[in-house]
Amino acid sequence: MMDRDALLVRYRVMSDTRLHFSRLYFAVVAFSVLLTLALWALFPVVEALALIGWVPVAGAFVAQRLLLRERSAFAAMTAAWQGLNGEPVVPSGRSAPGAMALVLIGEALAGAVLVAIGLAAYFG
């Protein structure tokens, strides 16, 4: 078992890491949504949505990877905290996807709908 000081340092590092990836997650989501809106404003042709719609899909993919890193840091942070308090380290399981994951699902679906609208206008 690690000594108390090492666990405290590990907790602080994982806390900082979690905060870093959480901020990156929100930045990527905001950037992809704003870039989608800016491209739509620059190219107001419905057919352009076939390409523009891939921006939120790609943004959701990148943000999902950041969310996984954030959750991994949270699990390590929780284990260090349990070790500091002398509690048995119990892995936590999630039963629901959570709000951040639901945002990614919505962003990816919105991008897919934009692509479908653009393709329908192009080929229709």
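None of these values were measured; they are calculated from a predicted model. (Residues numbered from 1 in each chain as written. Predicted model: local features only at pLDDT ≥ 70, side-chain atom pairs only at ≥ 80, totals over all residues. Heavy atoms only, no water.)

*Asks:* Is there a simple way to explain the overall build of the chain in this structure?
*Replies:* If you tally the helices and strands in the chain, you get 4 helices and 0 strands. In the chain, the succession of helices and strands from N to C terminus is α-α-α-α. Relative to the globule expectation of 14 Å for 124 residues, the C-alpha radius of gyration of the chain, 20 Å, shows a markedly less compact shape. Taking the principal axes of its C-alpha atoms as reference, the chain extends roughly 65 × 25 × 15 Å. Looking at the chain residue by residue over its 124 residues, the buried ones come to 27%. When the accessible surface of the chain is split by element, carbon and sulfur atoms take 71% of a total near 8,100 Å². Positive and negative side-chain charges of the chain, numbering 9 and 7 respectively, have mean locations separated by a distance of 3 Å. (Helix = DSSP H or I, 4+ residues; strand = E, 2+ residues; numbered from the N terminus. Rg over C-alpha atoms; globule rule 2.2 N^0.38 Å. Buried < 20%, exposed > 50% of the residue type's maximum accessible area, 1.4 Å probe, protein only. Areas by Shrake-Rupley, 256 points an atom, 1.4 Å probe, with all protein chains shown as cover. Lys, Arg positive; Asp, Glu negative; His and termini not counted. Charge placed at Lys NZ, Arg CZ, Asp CG, Glu CD.)

*Asks:* How should the packing of aromatic side chains be read in this particular structure?
*Replies:* The description of two aromatic rings rests on the distance between their centres and on the angle between their planes. Within this structure, the stated rule accounts for 3 aromatic pairs. Pairing Y25 with F26 gives two aromatic rings, centres 5.0 Å apart and planes at 80°, and the pair type is edge-to-face. On the basis of relative accessible area, F26 is assigned to the partly exposed category, the value being 48%. A centroid spacing of 4.8 Å and a plane angle of 85° characterise the contact between Y122 and F123, whose relative ring orientation is edge-to-face. On the basis of relative accessible area, Y122 is assigned to the exposed category, the value being 55%. (Phe/Tyr/Trp six-rings, centres within 6.5 Å; stacked < 30°, edge-to-face > 60°.)

*Asks:* Any chance you could explain the pattern of salt bridges here in plain terms?
*Replies:* Side-chain pairs of opposite charge can arise whenever the charged atoms involved come near each other. In the structure shown here, the tally under the stated rule is 1 salt bridge. Between E70 and R18 there is a salt bridge, with the nearest N and O atoms lying 2.6 Å from each other. Taken as a pair, E70 in helix α3 (residues 54-84) and R18 in helix α1 (residues 4-42) lie far apart in primary sequence, 52 residues in all. Residue class for E70 comes out buried when judged on its relative accessible area of 6%. Exposure remark for R18: the relative accessible area of 29% places this residue in the partly exposed category. (Salt bridge = Lys/Arg side-chain N within 4 Å of Asp/Glu carboxyl O.)

*Asks:* Just to check I follow, could you spell out the confidence of the model for the chain for this structure?
*Replies:* Confidence in the prediction of the chain, expressed as mean pLDDT, is 92, and 94% of residues score 70 or more. Within the chain, the lowest mean pLDDT, 93, falls on α3, and the highest, 97, falls on helix α4 (residues 99-123). (pLDDT = per-residue confidence, 0-100.)

*Asks:* Explain a nonpolar patch on the surface here, please?
*Replies:* Taken together, the side chains of V33, L34, L37 and W40 define a hydrophobic patch exposed on the protein surface, amounting to about 390 Å² of accessible area. Relative to the helices and strands, L37 is located in helix α1. Residue L37 is classed as partly exposed on the basis of its relative accessible area of 48%. (Patch = residues over 30% accessible without salt bridge, like charges linked within 9 Å, V, L, I, M, F, W, Y side chains within 5 Å.)

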